[in-house]
Amino acid sequence: MRIARFSIDGNVAFGAVEGDSPDSLVLDIIKGIPYTDFELSGTKVPLKKVRLLPPVLPNKVVAIGRNYAEHAAELGNEVPDVPVAFFKPTTSVIGASDSIEYPSFSEELHHEAELAVVIGRMCREVPRERVKDVVFGYTCANDVTARDVQRRESQWARAKGFDTSCPIGPWVETDVDPGDLAIQATVNGEQRQLGRTSDMIRSVEDLVVHITEAMTLLPGDVILTGTPAGVGPLHVGDEVAVTIEGIGTLTNKVIKRG
């Protein structure tokens, strides 16, 4: 099931996305919140008449760096012995209807297409065999990075945590196996990144186990699983799209921060 969060006429709701053709997609409004047992209301609205919001409002976004060997190599880095984890703040999160604002303190903005894991229940110290029980679903993400700032500063908080640096969406797919999905990024229609989630050094299970050894994850929290090779520059006016097989496409425009 594809679960979207949207606004219409000033109201915010969750809905189940139905249909196959982009022009005929509709939302069946959900009664309540999707992390618990819920019912579909039967009230349907065309997707093209709503504004898509970030599909979840995470308490935290835990991101993993250098989880694809070819990406680590393209930036001159070794594959780390343990997962490299960092945070992106909630103020960095935007949805498919929002724009990426080019930060004034950077001159080298990069896209990073990523599979995002959405947590569905409070969890800590999750054993590998129970990871599927705590995952709500998966969505597309773009770990937008001020690469010049990342090179200058040993901590990545500014380089990867600035406002609008974490687009996620367009919805959460609850019924997909993340083990071997095609993942790509295009800029203005030109392919930049193309990889498969099977190339990840650490799997979704590995990452959930590793992260929850240290901290409690809450419903709606997001894990970014790393990016394949092919990262590259973004400029004001560009349209960047992240597409993941079985999930959908997340598209955002880059605008000047004003």
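Quick look at the structure, then. (Residues numbered from 1 in each chain as written. Predicted model: local features only at pLDDT ≥ 70, side-chain atom pairs only at ≥ 80, totals over all residues. Heavy atoms only, no water.)

## Examining unusual backbone geometry
One can expect most non-glycine residues to show negative phi and most peptide bonds to be in trans.
Okay, so step 1: Residue Gly169 is joined to Pro170 through a cis peptide bond whose omega torsion reads 5°.
Okay, so step 2: Positive phi outside glycine occurs at Arg66, with the angle close to 55°.
Okay, so step 3: Note that Arg66 resides in the loop between strand S6 (61-65) and helix H1 (69-74).
Okay, so step 4: Overall, Arg66 belongs to the partly exposed group, its relative accessible area being 25%.
Okay, so step 5: The phi torsion at Glu125 lies on the positive side, around 50°, for a residue other than glycine.
Okay, so step 6: Among the secondary structure elements, Glu125 is positioned in the loop between strand S11 (113-119) and helix H2 (131-134). (Helix = DSSP H or I, 4+ residues; strand = E, 2+ residues; numbered from the N terminus. Buried < 20%, exposed > 50% of the residue type's maximum accessible area, 1.4 Å probe, protein only.)

## Comments concerning the nonpolar core
Okay, so step 1: Counting 30 residues, the largest nonpolar core has Tyr138, Ile244 and Ile247 as the members making the most contacts within it.
Okay, so step 2: Considering each element in turn, this core owes the most residues, five residues, to helix H5 (residues 204-212).
Okay, so step 3: Ignoring sequence-local partners within four residues, the contact set of Ile247 consists of Leu115, Tyr138, Thr139, Cys140, Trp171, Glu173, Val176 and Leu181.
Okay, so step 4: Ranked by size, the runner-up nonpolar core spans 19 residues in total, among them Ile30, Val56, Ala116 and Val118. (Core = buried A, V, L, I, M, F, W, Y, C linked by side-chain atoms within 4.5 Å. Contact = heavy atoms within 4.5 Å.)

## Comments concerning the pairing of strand S12 (residues 135-142)
Okay, so step 1: Counting buried positions over the eight residues of S12 gives eight, a clear majority of the element.
Okay, so step 2: In terms of strand pairing, S11 meets S12 through seven bridges, oriented antiparallel. In the strand pairing of S12, Ile119 is matched with Val135. (Pairing = 2+ DSSP bridges.)

## Some words on the pairing of strand S1 (residues 2-8)
Put simply, side chains in a regular strand alternate between the two faces of the sheet.
Okay, so step 1: The element S1 is largely enclosed, with a buried count of six among its seven residues.
Okay, so step 2: As judged from the two bridges shared by S1 and strand S14 (residues 166-173), these two strands associate in the antiparallel manner. Each bridged residue has a counterpart across the sheet, and for Ile3 the counterpart in S14 is Val172.
Okay, so step 3: In this sheet, strand S2 (residues 11-18) lies alongside S1 in antiparallel orientation, the contact comprising seven bridges. Bridge pairing in S2 links Ser7 to Val12.
Okay, so step 4: Hairpin connection, S1 to S2: the antiparallel pair is bridged by two residues, and Asp9 has positive phi, about 55°.
Okay, so step 5: Where S1 lies against strand S5 (residues 51-52), two bridges are found, and the strand directions are antiparallel. Bridging across to S5, Ser7 finds its partner in Arg51.

## Digging into the state of the cysteines
Okay, so step 1: Evaluation of the coordinates by the stated rule reveals zero disulfides.
Okay, so step 2: Looking at the unpaired Cys123, the closest cysteine sulfur is the one in Cys166, lying at 18 Å.
Okay, so step 3: Using a relative accessible area of 6% as the deciding quantity, one classes Cys123 as buried.
Okay, so step 4: Cys140 takes part in no disulfide bond, and the closest cysteine sulfur to it belongs to Cys166, at a distance of 12 Å. (Disulfide = S-S within 2.5 Å.)

## Some points on the side chain of Thr225
Okay, so step 1: Take Thr225: it is sitting in the loop between strand S17 (222-224) and strand S18 (232-234).
Okay, so step 2: Within the structure, Thr225 has its side chain in polar contact with the backbone oxygen of Leu115 (distance 2.7 Å).
Okay, so step 3: For Thr225, the residues in contact, after removing those within four places along its chain, are Ile64, Asn67, Tyr68, Glu114, Leu115, Val117, Met200 and Leu207. (Polar contact = N/O pair within 3.5 Å; in protein donor to acceptor, adjacent residues only side chain to side chain.)

## Details of the sheet that holds strand S16 (residues 190-196)
Okay, so step 1: Read across the open sheet, the five strands follow the order S9-S20-S19-S15-S16; overall the sheet is mixed. Edge positions in the open sheet fall to strand S9 (100-102) and S16, since each of these has one partner strand only. When strand polarity is set aside, the average angle formed by the axes of neighbouring strands in this sheet is 20°.
Okay, so step 2: Two elements, S9 and strand S20 (residues 248-256), share three bridges in a ladder whose sense is parallel. (Axes fitted to C-alpha atoms, helices over the stretch in contact; angles between N-to-C directions.)

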